[in-house]
Amino acid sequence: MDDINIKILELKTKNLMSKRQLVINILVVLIGGIIGLAFMPNGALKNIFIILGVLYAMVLIKDFLAIDIKIEKLLKWK
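This section reports on the structure supplied with the text.

Rules used in this analysis
- Along each chain, numbering runs from 1 in the same order as the chain's sequence is written.
- Whole-chain, interface and lining totals are the exception, using all residues; otherwise, since this is a predicted model, local features are given only for residues with pLDDT of at least 70 and side-chain atom pairs are given and counted only at 80 or more.
- The basis for the side-chain values is all heavy atoms of the structure; hydrogens and waters are excluded.
- Each helix is a run of DSSP H or I of at least 4 residues and each strand a run of E of at least 2, with the numbering of both proceeding from the N terminus.
- Only protein chains enter the calculation, and the probe is 1.4 Å; a residue is then buried if its accessible area is under 20% of its type maximum, exposed if over 50%, and partly exposed in between.
- Here, residues are in contact when the closest pair of their heavy atoms is within 4.5 Å.
- Axis definition: a line fitted to C-alpha atoms, over the contacting stretch in the case of helices. Angles run 0 to 180 degrees between N-to-C directions.
- Any angle between 65 and 115 degrees counts as roughly perpendicular, while under 35 counts as roughly parallel, over 145 as roughly antiparallel, and the rest as oblique.
- Crossing handedness is read from the near helix: turned anticlockwise from the far helix by less than a right angle, it gives a left-handed crossing, and turned clockwise, a right-handed one.
- For this classification, the nonpolar set comprises Ala, Val, Leu, Ile, Met, Phe, Trp, Tyr, Cys and Pro, the charged set comprises Asp, Glu, Lys and Arg, and every other residue, Gly included, is treated as polar.
- Every helix has an expected span of 1.5 Å times one less than the residues it contains.

### Remarks on the side chain of Thr13
Structurally, Thr13 is set in helix H1 (residues 3-37). You can call Thr13 buried: its relative accessible area is 10%. In this structure Thr13 touches Leu74 and Leu75, once residues within four positions along its chain are discounted.

In structure tokens form, the structure reads like this:
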């Protein structure tokens, strides 16, 4: 591999790792918010927010796994 390809691979890997870290941070905040909703009085609005939060958390977990797979593919690339 020449130097240009190595630099491109390095930049792509750093970018994906930054995205993965951002998704993890958002997921932590979201899960904390969902747990915080458990302390609210019961109501329809609370249940709607919990359902939306869980669905969004599932989307973030899916994104995290996709980013992780891309990182593995980049690191295995020769």
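### A closer look at the packing of H1 against helix H2 (residues 44-76)
Interaxial distance between H1 and H2 falls to 9 Å at its minimum, and their mutual angle equals 160 degrees. With respect to H2, the axis of H1 lies roughly antiparallel. Crossing hand, H1 versus H2: left-handed. Tallied by class, residues from the contact of H1 with H2 come to 22 nonpolar, two polar and six charged.

### Regarding H1
Taking 1.5 Å of rise per residue, 35 residues should cover 51 Å, and H1 covers 51 Å from first to last C-alpha, within 8% of that figure. The set of residues buried in H1 consists of Leu9, Thr13, Leu16, Val23, Leu27, Leu30, Ile34 and Leu37. Along its buried surface, H1 packs onto H2.

Coordinates in, geometry out; function isn't part of it.
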